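Observations on the three-dimensional arrangement
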Amino acid sequence: MDSPELTPTSAGTGISPLEKELSKRLTFAIISHPDAGKTTITEKLLFFGGAIHMAGAVKSKKNARGTVSDFMKMEQERGISISTSVMGFDYRERRVNLLDTPGHADFSEDTYRTLTAVDSTLMVIDSVKGVEERTRKLCEICRMRKTPIITFLNKFDREGKEPIELLDEVESELFIKACPMSWPVGQGRGFRGVYSIYEKRLILFDAHGWQDEDSSVEIRDLNDPVLEQKVGKTLAEKLKEELELVQGVYPVFDRNAYLEGTITPLFFGSALNNFGVRELLDCFVDIAPPPVPRQADEREVKPSEQKFSGLVFKIHANLDPKHRDRIAFLRICSGTFERNKMYHHVRTGKSFRSSNPTAFMAQNREIIDEAYPGDIIGLHDTGTLKIGDTITEGETLHFTGIPSFSPQIFNKVINLDPLKGKQLAKGLEQLSEEGVVQLFTKETTNEKVLGVVGQLQFEVIKYRLEEEYKAVCRFEPVEYGGAVWIDGPEKALDNFLKFNMQHTAFDKDKGRVYMYRNEWALERTRAEYKDLKFFSTSEMDHSA
Ligand code: G4P
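Parameters and conventions
Residues numbered from 1 in each chain as written. Predicted model: local features only at pLDDT ≥ 70, side-chain atom pairs only at ≥ 80, totals over all residues. Heavy atoms only, no water. 1 Å grid on protein atoms, 1.4 Å probe; cavity = no way out; pocket = protein on both sides within 12 Å on 5 of 7 lines; lining within 4 Å. Points joined across faces, edges and corners; volume = space filled by probe spheres on them. Helix = DSSP H or I, 4+ residues; strand = E, 2+ residues; numbered from the N terminus. Nonpolar A, V, L, I, M, F, W, Y, C, P; charged D, E, K, R; others polar. Domains from an automatic or database assignment. Buried < 20%, exposed > 50% of the residue type's maximum accessible area, 1.4 Å probe, protein only. Pairing = 2+ DSSP bridges. Axes fitted to C-alpha atoms, helices over the stretch in contact; angles between N-to-C directions. Contact = heavy atoms within 4.5 Å. Core = buried A, V, L, I, M, F, W, Y, C linked by side-chain atoms within 4.5 Å.

Section: the layout of surface pockets
Any space left empty among the atoms is revealed by the rolling of a water-sized probe across them. Of the volumes computed, that of the second largest pocket is approximately 670 Å³. Lining the second largest pocket are 32 residues, and of these I387, G388, I402, K508 and D509 lie nearest its centre. Considering every element that reaches the lining of the second largest pocket, the biggest residue donor is strand β25 (residues 438-442), with three residues. The residue makeup of the lining of the second largest pocket, split by class, is 12 nonpolar, 10 polar and 10 charged. Each of domain 2 (294-392) and domain 3 (409-535) accounts for three or more of the residues forming the lining of the second largest pocket.

As structure tokens, then:
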């Protein structure tokens with residue numbers, strides 16, 4: 001492969017218009033365990049970005065006001081954010097794209113796919129509860145992909161775990177080095193503020209929110225009497241002691257280590273009281289990576305390449321049930337995307353053109369003429385695009401990083417209305433293309449088996465089949481505990497199928513999977529068929 005063309009530079013500046021645009025982009029997602037404060041912090045970030053004007057504009061899931069991040073009625077009813085959406089806002093001459101992820105573990109695949117489309121993440125931890133299960137899982141994905149993480153230890157206005165204990169948890173449970181950028185002064189009812197280690201500034205806490213000029217004082221030397229005047233003798237002594245310890249134990253901030261994902265800069269605050277969030281955002285804008293290169297099967301693609309390429313990482317269907325419209329979320333990976341330009345849809349080999357691509361600004365969608373690397377745009381789709389599709393200017397590229405993972409719960413589908421068989425089949429096919437469910441077709445019987453990560457997904461599927469496709473069905477559990485993708489020499493595969501075909505099926509892309517009852521059964525099969533390879537994801541890059 002010839003080395004790709006890079007963009008021409010504007011005369012004299014040494015930096016091309018494309019590079020200038022892309023260097024402004026910061027595309028990230030917030031990861032957290034439910035209730036840690038993701039929605040609250042999103043709202044504050046949008047507020048600082050001027051994208052919303054009142055508190056409560058995002059956070060309305062519990063009182064059913066119109067939401068920015070939740071599309072479906074059901075999400076509002078249940079108070080969970082199922083879908084992923086994008087909220088763009090401008091801050092300090094940067095275009096920040098915040099991708100929302102579902103908090104509920106049952107929709108984790110959606111979150112994993114979203115993490116493929118971002119360049120960095122913000123991890124929110126509830127300081128009362130410490131590191132929780134979902135955070136552990138999501139952080140693992142980030143580590144696998146070397147995605148940089150900034151950490152916000154939230155709810156310091158409540159009596160919680162000691163800061164040192166929290167840092168220990170982050171390091172021992174998330175396997176990442178902590179690098180405190182600030183340090184709390186007091187906690188819970190005695191919370192007085194934070195000391196910014198890097199700005200050498202004390203920021204005083206005001207429970208009702210909006211810090212003004214007076215609430216921040218520069219303190220270059222901790223022996224400055226102003227410290228004691230502001231927080232009292234006991235807390236001033238404690239801060240000095242703790243900072244001495246912290247500076248001896250934790251590394252000094254090193255941007256490269258952060259960009260490589262080996263350290264996480266860490267902030268303390270209280271999102272609800274809007275405390276510590278602006279400092280966090282300022283630091284994020286200073287250190288977070290602009291669009292990074294993306295790996296395709298064929299080669300690495302740099303954002304500054306002149307030719308456009310993009311990846312579909314999410315499909316959202318039936319926003320308006322009256323029209324079968326779908327929105328495909330496309331991450332621009334390189335070059336400039338232009339409205340109405342003919343592109344190449346790699347999977348089908350057909351041309352692709354969009355006359356009304358939309359950008360997602362915090363509370364509305366608007367049609368755009370151009371988009372740059374790091375941007376997420378919405379493409380109106382009538383059923384041609386699938387998750388994982390690549391669109392280019394002609395080159396054959398397959399971006400990696402959107403695998404299917406093994407589901408944990410499997411159900412057979414029983415059609416309850418024989419006259420609606422077609423609708424049911426269509427609905428299931430579309431929901432699987434959207435990534436709501438994994439659809440397997442048994443090799444022997446053609447029977448459809450649905451695989452999900454969490455039980456709640458079945459409820460969503462049932463609801464959507466009825467609402468959107470007028471299809472009624474029942475689910476019946478089948479006793480499988482997992483699925484692996486299999487590959488190997490033809491003879492070995494034939495031999496395997498001879499004895500195991502009743503447990504094999506094809507996934508939506510005709511990949512062959514073996515569904516097993518439990519880990520023990522998988523172990524036995526693996527030992528018996530040594531010539532075969534068993535993979536835990538459809539991309540077949542991680543052995544099961
Ligand atoms: P999530 O999106 O991660 O699920 O969390 P969310 O922001 O919804 O926050 C979960 C709960 O934690 C909310 O309370 C929220 O008000 C509270 N919270 C968020 N940040 C802070 C903080 O800094 N300090 C304190 N004390 N609480 C915080 P809720 O009672 O569940 O909801 P609501 O009645 O406030 O809407």
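Examining the pairing of strand β28 (residues 482-487)
Burial analysis of β28 places five of its six residues in the buried class, the great majority of the element. Looking at chain direction, β28 and strand β30 (residues 512-516) are connected through four bridges and run antiparallel. The residue of β30 that forms the bridge with V484 is Y514. Across three bridges, β28 lies against strand β31 (residues 533-535) in antiparallel orientation. Paired with D487 across the bridge in β31 is K533.

Considering the sheet that holds β30
The strand order across the open sheet formed by eight strands is β27-β24-β26-β25-β29-β30-β28-β31, and the pairing between neighbours is antiparallel. For this open sheet the edge positions go to β27 (473-477) and β31, each flanked by a neighbour on one side alone. Mean inter-strand twist for the sheet, computed between neighbouring axes without regard to direction, equals 40°. The strands touched by helix α14 (residues 519-528) are β28, β30 and β31; relative to β30, the strand with the most contacts, the crossing angle is about 125°.

What about the nonpolar core?
Residues L202 and L379 are the most contacted members of the largest nonpolar core, which totals 77 residues. If one sorts the elements of this core by residue count, strand β15 (residues 326-334) sits on top with six residues. The two domains that each donate at least three residues to this core are domain 1 (28-191 + 251-287) and domain 2 (294-392). With residues near it in sequence (within four places) discarded, L379 still touches R326, I327, A328, L330, F337, F352, S354, P357, L385 and I391. Formed by 35 residues, the second largest nonpolar core is a distinct cluster that contains M87, V124, F152 and A271.

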